[in-house]
Amino acid sequence: MLGAQLALNAVALGAAYALVAIGFVLVLNATTAVNFAHGESVVAGGFAAVALAMLLPAGGAIPGIVLLPGVLVLTALLGLAIAALAYLPIRNRPPVSVFVTTIAFGIIVTNGLNAAFGAAPRAAPALLGTGAIEFLGVTASRQSLAIIATAVLLVGALAFVLQRTQLGRQFRACAQDPEMARALGIRLTLITLLAFALGTAFAGAAGLLLAHQFFVTPSDGAGLILKAYIAVVIGGWGSLRGAAIGAMLIAVFEVGVASISSQPLAEGLLYLAVLLVLLVRPDGIFGEPQRLRV
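Our subject in this report is the structure included herewith. (Residues numbered from 1 in each chain as written. Predicted model: local features only at pLDDT ≥ 70, side-chain atom pairs only at ≥ 80, totals over all residues. Heavy atoms only, no water.)

## Notes on the pattern of salt bridges
Here is step 1: Under the criterion given, the structure shown has 2 salt bridges.
Here is step 2: When the shortest N-O distance is used, the salt bridge between glutamate 179 and arginine 182 registers 3.7 Å. Linking glutamate 179 with arginine 182, this pair stays in helix 7 (residues 178–183), spanning 3 residues, or about one helical turn.
Here is step 3: The closest approach of N and O atoms between glutamate 254 and lysine 227, which form a salt bridge, is 2.8 Å. One end of the pair, glutamate 254, is in helix 10 (residues 240–260); the other, lysine 227, is in helix 9 (residues 221–235), and 27 residues separate them in sequence. Take glutamate 254 and lysine 227: they sit in the same class, and that class is buried. (Salt bridge = Lys/Arg side-chain N within 4 Å of Asp/Glu carboxyl O. Helix = DSSP H or I, 4+ residues; strand = E, 2+ residues; numbered from the N terminus. Buried < 20%, exposed > 50% of the residue type's maximum accessible area, 1.4 Å probe, protein only.)

Here you go:
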């Protein structure tokens, strides 16, 4: 039964990582630029949950699922700010300019959170309370089950929008050929703003999901964006499906190795595994040879 418990923990962690990676790819596909403030957006989501829990009358007793809509709205607004201040004014400059401005924005977020909350780890409320559920002899954490269910709902809603709506078709058109999309009358700036808002909201949701079990500090952003980057590299650059699978593989690897050794060793071996993957398959395990984007 230990294996089943570890598998559940890995799926829950992978579900949260998948939200981070999918948000990262949404912005990447809309802009062809890497948003280096994405890790800080995850952290901001965790602290937004902490702040909302403190401000609401029920205090820390309020379940995290009640805070989720507020966290999504606040981090979507943060995404719009990143787009308006760190991307749109310099989108026609060399790509390195966007790297620098998004890194600078991330540092501002980190320092702002540090000034407001301090450097000590904080925990967000559990999504649906603490405790465990016994099922077929397996003890399942309620938080892990809630994380998986929440991530499935969010990813399912995104898949519906991308595959079944006119807005989704515009997103996919911009990802595949921005100039052709512009020629067809699609408003690229609007799609870019929506991509930043949606991608950052996904990152914020992941921050809420992770902040109860793993706590959150203002300096956690660098490690989180690195894992999103690795998930995208493993899954194939620009692929939403590949990013989710890559995130799940990272979580399985981390939980599996950490269960027989330690978390630092698991992270070290993860980076070694990524180097080996890139040596064997430069386009990622699920990379598309013609670099078509979903």
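## Regarding helix 6 (residues 166–176)
Here is step 1: When helix 6 is considered as a whole, its buried residues turn out to be Gly168, Phe171, Cys174 and Ala175. For helix 6, the angular spread of buried residues about the axis comes to 125 degrees, placing them on one side. (Arc of directions from axis to C-beta.)

## Brief notes about the packing of helix 5 (residues 142–164) against helix 6
Here is step 1: Contact geometry for helix 5 and helix 6: axes closest at 5 Å, N-to-C directions at 80 degrees. Our classification of the angle between helix 5 and helix 6 gives roughly perpendicular. Residues Val161, Leu162, Gln163 and Arg164 of helix 5 form the contact with helix 6, whose participating residues are Leu167, Gly168, Arg169, Phe171 and Arg172.
Here is step 2: For the contact of helix 5 with helix 6, the residue count by class is 4 nonpolar, 2 polar and 3 charged. (Axes fitted to C-alpha atoms, helices over the stretch in contact; angles between N-to-C directions. Parallel < 35°, antiparallel > 145°, perpendicular 65-115°, else oblique. Contact = heavy atoms within 4.5 Å. Nonpolar A, V, L, I, M, F, W, Y, C, P; charged D, E, K, R; others polar.)

## Here's the deal with the packing of aromatic side chains
Here is step 1: Enumeration according to the criterion identifies 4 aromatic pairs in this entry.
Here is step 2: Aromatic pair phenylalanine 24 and tyrosine 229: ring centres 6.0 Å apart, planes at 70 degrees, arrangement edge-to-face. Of the two residues, phenylalanine 24 is situated in helix 1 (residues 2–31) and tyrosine 229 in helix 9; the sequence distance between them amounts to 205 residues.
Here is step 3: Owing to a relative accessible area of 3%, phenylalanine 24 belongs among the buried residues under this scheme. (Phe/Tyr/Trp six-rings, centres within 6.5 Å; stacked < 30°, edge-to-face > 60°.)

## What about the nonpolar core?
Here is step 1: The biggest cluster of nonpolar side chains holds 88 residues, and the ones touching the most others in it are Leu19, Ile82, Phe105, Leu208 and Ile250.
Here is step 2: With 18 residues, helix 1 is the largest single contributor of residues to this core.
Here is step 3: Excluding anything up to four places from it in sequence, isoleucine 82 contacts Asn35, Ala37, Ser41, Tyr87, Phe105 and Phe196. (Core = buried A, V, L, I, M, F, W, Y, C linked by side-chain atoms within 4.5 Å.)

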